[in-house]
Amino acid sequence: MAVIHHTTLKPTKLELLTSWLPSRPWYGGSGAPLLAKAGGFRLDDPKGEVGIEFMVITDSAGPETVSYLTPLTYRGAPLDGAEHALVGTMEHGVLGRRWAYDGCHDPVLADRLWALVEGRAEAQAQSVTDTVDREVTRSYAGQGLAVGQGTAPVVEDSQDGTRLTAPDGTTLRLHRVLRPAPQDAPLLPEGAVGHVAGAWQLPDGTRVHGLFAALHGDA
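Since we're looking at a predicted model, the values are computed, not measured. (Residues numbered from 1 in each chain as written. Predicted model: local features only at pLDDT ≥ 70, side-chain atom pairs only at ≥ 80, totals over all residues. Heavy atoms only, no water.)

Another point: the overall build of the protein chain. Along its length, the protein chain carries two helices and 13 strands. When the 219 residues of the protein chain are sorted by exposure, 47% land in the buried category. (Helix = DSSP H or I, 4+ residues; strand = E, 2+ residues; numbered from the N terminus. Buried < 20%, exposed > 50% of the residue type's maximum accessible area, 1.4 Å probe, protein only.)

Given below as C-alpha cells:
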C-alpha cells in the first residue's frame, strides 16, 4: 500500500512537467505550457519501492485548453538505462531526493498497468492513502497477458500518443491527449479488447470522463 505524504516538493511536479512537456512528440502546444493539476489516480507497487501516479494535467497556454495524461514513477535512486525517460529530480519533504520518470518507460508501472487492465490491481485515489478510486474503470476480454517486470514492453512515443507492446504482440495505446467521452461513456476504439478510463476536471469546474488507454490484440 502506497502511503501519501502531504508535504513539500521542490521543484513541484507541475514545475518539472512545465519544462519536460514541450519535448514530447504528442505535445500540441507551441510555447511554454500553463499547467494545472486536473485529476488522476495511483497504483500500488507490491514491493513498496516505486511511487506510481497517472496524473492528468490541463494546459491553458493556447487558445483552447488541452488535457494530457502523464504517467509518472517516483524512485529513491536512478533507474538504470532510463536516462532518456527522466522528467527530473525533486526534494521530497519526507523521503528526500526523488527521481521522477515518464512512467511508460518504467517496468514497474508497465507491470501494474497491465495488472489493472486484467483486474489484478485496483486504481487508488490520487491523494488519499488506502482508498480505491471508483471513477477509474477497466475491462479485458482474453487470456492472461504476457507482460511483467521481467518482460518489459517496447515503448514508442509518437504524435498520436504512446504505445506499449508486450512480447506476445498485445499493445496498450495510451491517449496522452485526453478527450471527454460523449455522455460520459468512454467508447473503445474498433478492435480493442480492453481499456482503462478515468475522470478529470476542466478549468471551468466541469467533471468529465474519458478513455486513458486501449488494449489491442496485436501491434
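As a further point, take the side chain of Thr170. Structurally, the position occupied by Thr170 is in the loop between β9 (161-165) and β10 (171-174). Within the structure, the side chain of Thr170 is placed 2.7 Å from the side chain of Asp168, a separation counted as a polar contact. (Polar contact = N/O pair within 3.5 Å; in protein donor to acceptor, adjacent residues only side chain to side chain.)

For the rest of this paragraph, the subject is the nonpolar core. With 29 residues, the main nonpolar core has Phe41, Phe54, Leu172, Leu174, Val196 and Phe212 as its most contacted residues. Of all the elements in the fold, those that place two or more residues in this core are β2 (35-43), β3 (51-59), α2 (107-118), β10, β12 (192-201) and β13 (207-216). Looking at this core, the element that brings in the most residues is α2, giving seven residues. Contact partners of Leu174, with chain neighbours within four places excluded, come to Leu69, Pro71, Cys104, Leu113, Asp160, Gly161, Thr162, Leu164, Phe212 and Ala213. (Core = buried A, V, L, I, M, F, W, Y, C linked by side-chain atoms within 4.5 Å. Contact = heavy atoms within 4.5 Å.)

What follows is about α2. The end-to-end C-alpha distance of α2 is 17 Å, a good match for the 16 Å that 12 residues give at a rise of 1.5 Å each. Of the residues one or two after α2, Gly119 is the one with positive phi, at around 90 degrees. (Expected span 1.5 Å × (residues − 1).)

Each regular strand displays side chains that alternate between the two surfaces of the sheet. Pairing geometry for β9 and β10, over four bridges, is antiparallel. Among the inter-strand pairings, Leu164 is bridged to a residue of β10, identified as Leu172. Counting the residues in the hairpin turn of β9 and β10 gives five residues, including Gly169, whose phi is positive at 95 degrees. Relative to β13, β10 runs antiparallel, the two being bridged by four bridges. Within β13, the residue paired with Leu174 across the bridge is Ala213. (Pairing = 2+ DSSP bridges.)

Here we come to the packing of aromatic side chains. All chains considered together, the criterion is met by six aromatic pairs. Here Phe41 and Phe54 contribute two aromatic rings whose centre-to-centre distance is 4.8 Å and whose plane-to-plane angle is 5 degrees, an arrangement assigned as stacked. Note that Phe41 is positioned in strand β2 and Phe54 in strand β3, a separation of 13 residues in sequence. Residue classification places Phe41 among the buried residues on the basis of a relative accessible area of 1%. Classification of Phe54 as buried rests on a relative accessible area of 2%. On the basis of an interplanar angle of 5 degrees and a centroid distance of 6.2 Å, the ring pair of Phe41 and Phe212 is categorised as stacked. A residue pair is termed long-range when its members are at least 10 positions apart, and Phe41 in strand β2 and Phe212 in strand β13 qualify at 171 residues. An aromatic cluster of three or more residues is present, and its members are Trp20, Trp26, Tyr27 and Tyr68. The ring of Trp99 has Arg97 lying over it, and the distance from NZ or CZ to the ring centre is 6.0 Å. (Phe/Tyr/Trp six-rings, centres within 6.5 Å; stacked < 30°, edge-to-face > 60°. Lys NZ or Arg CZ within 6 Å of the ring centre and 35° of its normal.)

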